[in-house]
There are 4 protein chains.
Amino acid sequence: MEDLKQQVYEANMELPREGLVTYTWGNVSGIDRSRELFVIKPSGVDYESLTPEQLVVVDLNGEKVEGDLNPSSDTPTHLELYRAFPEVGGIVHTHSSWATSWAQAAKGIPCYGTTHADYFYGEIPCARSLTPEEIDQNYETNTGLVIAETFMGKNPMYVPGVLCANHGPFSWGRNAGEAVHNAVVLEEVAKMAYRTEHLRKSVEAASQDLQDKHFFRKHGEHAYYGQ
Amino acid sequence: MEDLKQQVYEANMELPREGLVTYTWGNVSGIDRSRELFVIKPSGVDYESLTPEQLVVVDLNGEKVEGDLNPSSDTPTHLELYRAFPEVGGIVHTHSSWATSWAQAAKGIPCYGTTHADYFYGEIPCARSLTPEEIDQNYETNTGLVIAETFMGKNPMYVPGVLCANHGPFSWGRNAGEAVHNAVVLEEVAKMAYRTEHLRKSVEAASQDLQDKHFFRKHGEHAYYGQ
Amino acid sequence: MEDLKQQVYEANMELPREGLVTYTWGNVSGIDRSRELFVIKPSGVDYESLTPEQLVVVDLNGEKVEGDLNPSSDTPTHLELYRAFPEVGGIVHTHSSWATSWAQAAKGIPCYGTTHADYFYGEIPCARSLTPEEIDQNYETNTGLVIAETFMGKNPMYVPGVLCANHGPFSWGRNAGEAVHNAVVLEEVAKMAYRTEHLRKSVEAASQDLQDKHFFRKHGEHAYYGQ
Amino acid sequence: MEDLKQQVYEANMELPREGLVTYTWGNVSGIDRSRELFVIKPSGVDYESLTPEQLVVVDLNGEKVEGDLNPSSDTPTHLELYRAFPEVGGIVHTHSSWATSWAQAAKGIPCYGTTHADYFYGEIPCARSLTPEEIDQNYETNTGLVIAETFMGKNPMYVPGVLCANHGPFSWGRNAGEAVHNAVVLEEVAKMAYRTEHLRKSVEAASQDLQDKHFFRKHGEHAYYGQ
């Protein structure tokens, strides 16, 4: 558990270093699937003063198992994603500015190029807005459920991120570090897609062939990118 | 008074660190309500050479009570805000670039998402332009009065900032540090709102339910965000 | 002369620090009016390796008086500006990205707010394009002459900068340091004006009253800004 | 060969320093024409951990001649460019954000000003999209062939860069360092051209006279820029 805490701590600290968070607007968690426990940032604690010991351990019923501080108020969202996506080992939420701008416009990010296709297979979707009832009761849980709904019939490991309408992005990966990596890519892709749309009256997504080529040269059994 | 000076000094020094000021384009003040005195940055002094001792103490009649240097030329604006908003303990003025761009367009910032709703309840308004007479005589005082006019019937602690048409933002809080915090948020929110409006032909504000949820999970008696 | 060299050296070194130059794309000069000599950056020398000794001294006939290296290829432009504007003590040329974007669009920067009005009285003009003949022969001299033409009937100390169509900005001041200060302001103002124009279908310049107020509270005999 | 490795290593390390790469999204190579061997970054290795010894040596048949790691997956593209452009001594590929945005919009960058004309003579072209067949088989080789096709009848030393549709930029030079220099310029030029197009309904390229003046005052036998 100390290893996982250290890993999740380091992943959290990467958020300010990569320019993805202002103040406390972000949180990373990581799960130990064998023990069904996940580690998450405490709520409202500044990154400068965060220590690995402050991280909170939560079980898959959402009960705090270890830690003196309250877990992130987004903990129920992380919980629902761990339940819905069994291959996910780490989750990140930020208000990073480009991805959040797309989320505020309630618009999914089309795949305009190979940078996107290298990591996300097809559009990064925007989840539907929550109903007034879903907002009023169990808001953070419902945020997770609506994300899961968005991925019905989709492989979350092929599209490791989502936008929440009028809110911001969530991303994930096999572990906390990969989830942060995908958060950085999502932000970069959101920035370039914005500019792409402003360079032409109408832009089209990259061809399916090009998307396949780039995604599958890095992922799956025929991958030949890297060592 | 030395404590307040130190606090206001540190809040001033956060402005260049957060990228909110170019040269001397900003100032922070903080008030001691029990003594009816406020501390403010001296006029035209570079942040690199600013020391806590250089800060100027002013009373609620606008008279300098302590200090060798002239107070910021915006001092009469701060004064009017302290008079109009009794809960305010600190005030910031900057020409931070995104917020100033909205101010130059004389346009309030709609609440497009939860980042905004976490700190500002509803639109961040743009105060009306001053009349030629208001500009000609007691310009800085009138700037404060027009802001106060903008908040008639509004709770300034729920919307802790404003844009001055063709000028720039003011923000405030319970103390100088919180005022700077709100200035940072205002700048970030202004940036994301600009981009949001450019991603769609017509964008709508976040639903009232979502705004309520986010503002009141952080503020007021039912808040559950943080420790 | 060594004092002036040191001053001009420091002003040059501020350009990369303020993010106004990529590689060698900029140069600062400063003049000693009593001796009718000016000091300027050598051509094509990197800022990292620049030393005060490498600066070149040129007289008002454009002859090199001191220095082992060739002066900046823009030297004839500086020369014409020193001839045309007798109050100018320092000149800067950069390709800073926001100001250059306006120059490339061949568009003057309207005064949209007080940040602009604090330093530039009215629009920052864009000089007309050079004719093919003016480009072909004595291009750099003609660049200076066209700037001087742009300021016929205008006070260059009230508008201490200009855009050259399809090229970039020049700015100036009473000395090299002030010229760089104005280059920084010009870049910031260009950025905010761009965004201002994109926030509304049609934006108007700040009122003349507001422009007067801000410019003259900092400049001239009734100034009350600063110490 | 050790000299070339060191040179290519330093050129690679300049990419993150200049802000042109996120994670491993870029690679630089340099060729020894006399030995018909080129040195290139290994695939998927982080810049922080990259050492000169890890660089891979490849011959002009694309065979690895030296090195423990796999060469960049873009190696076949570099190879085709070295074959097609005999004066080229170094090549860079990045996903730098402004240039990639133009590439994603499949749009060449018009020459709007002298910053562009100082380095690139005329438009920076966007190569045509690859056919499904070209993507499916020998994708990276075909990427190089389509770039070469784009430069039929053009001098690649006069336009030392290109955009690949829905992908990103390649640039080159007489050696690896110059290729990186041109990558930095291309990114800056892409940024300013984007903004230029957004400042006017219709913008025109800089006049041919101005383009000639600037390109040829820095290049060719009549150059007079620099020392």
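Residues numbered from 1 in each chain as written. Chains lettered and ligands numbered in written order. Predicted model: local features only at pLDDT ≥ 70, side-chain atom pairs only at ≥ 80, totals over all residues. Heavy atoms only, no water.

J.: Sorry, what's going on with the relation of the copies chain A and chain D here?
T.: Here the second copy of the chain follows from the first by a rotation about an axis and a shift along it. Of the two same-sequence chains, chain A is brought onto chain D (RMSD 0.0 Å, axial shift 0.0 Å) by a rotation of 90 degrees. Overall, the copies show the geometry of a four-fold rotation axis. By C-alpha distance to the rotation axis, the residue of chain A lying nearest is H198 of chain A, at 6.1 Å. Comparing interface residues between copies, only 6% of those in chain A also lie at the interface in chain D; the contact surfaces differ. (Least-squares fit on C-alpha atoms with pLDDT ≥ 70 in both. Contact = heavy atoms within 4.5 Å.)

J.: Which parts of the structure should I look at to understand the packing of aromatic side chains?
T.: Aromatic ring pairs: the centre-centre distance and the angle between the two ring planes describe each pair. Taken as a whole and judged by the stated rule, the model has 48 aromatic pairs over all chains. A ring pair is formed by Y119 of chain A and W25 of chain D, whose centres lie 5.7 Å apart and whose planes are at 50 degrees; its orientation type is tilted. On the criterion of chain membership, the pair formed by Y119 of chain A in the loop between helix 4 (114–117) and strand 6 (126–127) and W25 of chain D in the loop between helix 1 (2–17) and strand 1 (26–32) is interchain, its members lying in two chains. Here the aromatic rings of F85 of chain B and W172 of chain B are separated by 5.1 Å at their centres, their planes lie at 50 degrees, and the arrangement is tilted. Pair noted here: F85 of chain B is in the loop between helix 2 (75–84) and strand 5 (90–94) and W172 of chain B is in strand 8 (residues 168–173), with a separation of 87 residues, a long-range link. Residue classification places W172 of chain B among the buried residues on the basis of a relative accessible area of 0%. What links up through ring pairs into an aromatic cluster is the set Y121, Y158, F215 and F216 of chain A. The residue whose ring lies beneath K154 of chain A is F151 of chain A, and the NZ or CZ to ring-centre distance is 6.0 Å. Sitting over the face of the ring of W98 of chain A, R195 of chain B holds its NZ or CZ atom 3.4 Å from the ring centroid. (Phe/Tyr/Trp six-rings, centres within 6.5 Å; stacked < 30°, edge-to-face > 60°. Helix = DSSP H or I, 4+ residues; strand = E, 2+ residues; numbered from the N terminus. Buried < 20%, exposed > 50% of the residue type's maximum accessible area, 1.4 Å probe, protein only. Lys NZ or Arg CZ within 6 Å of the ring centre and 35° of its normal.)

J.: Please clarify how the UniProt feature "domain: Class II aldolase/adducin N-terminal" (unreviewed entry) in chain A should be interpreted in this entry.
T.: In this numbering, the UniProt entry assigns the feature "domain: Class II aldolase/adducin N-terminal" (unreviewed entry) to residues 6–194 of chain A. The span residues 6–194 of chain A carries 37% helix and 19% strand; its end-to-end C-alpha distance comes to 35 Å. (UniProt positions renumbered as here; feature names shortened; annotations may be inferred.)

J.: Any chance you could explain empty space enclosed by the protein here in plain terms?
T.: To find leftover empty space, one rolls a probe the size of a water molecule over the atoms. A full pass over the atoms with the stated rule returns nine cavities of 30 Å³ or more. Estimated volume of the largest cavity: approximately 200 Å³. As for the largest cavity, its lining consists of 21 residues, and the residues nearest its centre are T24, W25, G26 and D74 of chain C together with Y225 of chain D. When residues of the lining of the largest cavity are traced back to their parent elements, those giving at least two are strand 1 (26–32) of chain C together with helix 8 (208–218) of chain D. Top contributing element to the lining of the largest cavity by residue count: helix 8 of chain D, with three residues. When the residues that make up the lining of the largest cavity are grouped by side-chain class, the tally is four nonpolar, twelve polar and five charged. (1 Å grid on protein atoms, 1.4 Å probe; cavity = no way out; pocket = protein on both sides within 12 Å on 5 of 7 lines; lining within 4 Å. Points joined across faces, edges and corners; volume = space filled by probe spheres on them. Nonpolar A, V, L, I, M, F, W, Y, C, P; charged D, E, K, R; others polar.)

J.: Teacher, can you tell me more about the packing of helix 3 (residues 97–104) of chain B against helix 7 (residues 176–197) of chain B here?
T.: Two packed helices can be described by the angle between their axes and the distance between those axes. All names here are of chain B. Two elements in contact, helix 3 and helix 7, have axes whose closest approach is 7 Å; the angle formed by their N-to-C orientations is 60 degrees. Taken together, helix 3 and helix 7 sit at an angle that is classed as oblique. The handedness of the crossing between helix 3 and helix 7 comes out as left-handed. Counting all contacts with helix 3, which are made through S97, W98, A99 and W102, the residues of helix 7 involved are L186, E187, A190, K191, A193, Y194, R195 and E197. Looking at the contact of helix 3 with helix 7 residue by residue, the classes come out as seven nonpolar, one polar and four charged. (Axes fitted to C-alpha atoms, helices over the stretch in contact; angles between N-to-C directions. Parallel < 35°, antiparallel > 145°, perpendicular 65-115°, else oblique. Left-handed = near helix turned anticlockwise from the far one by under 90°.)

J.: Would you mind going over the interface of chain A and chain D with me for this structure?
T.: Often, the extent of an interface is quoted as the loss of accessible area on bringing the components together. Each side of the interface is counted separately: chain A has 35 residues, and chain D has 33 residues. Buried area between chain A and chain D, summed over both chains or domains, comes out near 2900 Å², and the portion from carbon and sulfur atoms is 51%. Broken down residue by residue, the surface that chain A buries against chain D is led by R195, L199 and Q227 of chain A, which jointly contribute 24%. Taken together, the links from chain A to chain D amount to two salt bridges. Note that R217 of chain A and E140 of chain D form a salt bridge whose closest N and O atoms lie 2.7 Å from each other. (Buried area = accessible area lost by both parts, 1.4 Å probe. Salt bridge = Lys/Arg side-chain N within 4 Å of Asp/Glu carboxyl O.)

J.: I keep staring at the interface of chain B and chain C and nothing clicks. Help me out?
T.: Taken together, the contacts link 33 residues of chain B with 35 residues of chain C. Of all elements in the fold, only helix 3, helix 5 (132–136), helix 6 (139–150) and helix 7 of chain B reach the threshold of two or more residues within the side of chain B that touches chain C. Of the residues forming the side of chain B that touches chain C, the biggest block, six residues, is contributed by helix 3 of chain B. Among the residues making up the side of chain B that touches chain C, the classes are represented as 14 nonpolar, 14 polar and five charged.

J.: Please explain the sheet that holds strand 7 (residues 161–164) of chain C as it appears in this structure.
T.: Within a sheet, adjacent strands bond to each other through the backbone by hydrogen bonds, running parallel or antiparallel. Residues and elements named next belong to chain C. An order of 4-3-2-1-5-8-7-6 is seen for the eight strands of this open sheet, with the pairing classed as mixed. The sheet terminates laterally at strand 4 (64–66) and strand 6 (126–127), the two strands that pair on one side only. The sheet contact formed by strand 1 and strand 2 (residues 37–40) spans four bridges and is antiparallel. When the bridges of strand 2 are listed, G30 appears paired with V39. Contacts from helix 1 (residues 2–17) reach strand 1, strand 2, strand 3 (56–59), strand 4 and strand 5 (90–94), with the element oriented near 155 degrees to strand 1. (Pairing = 2+ DSSP bridges.)

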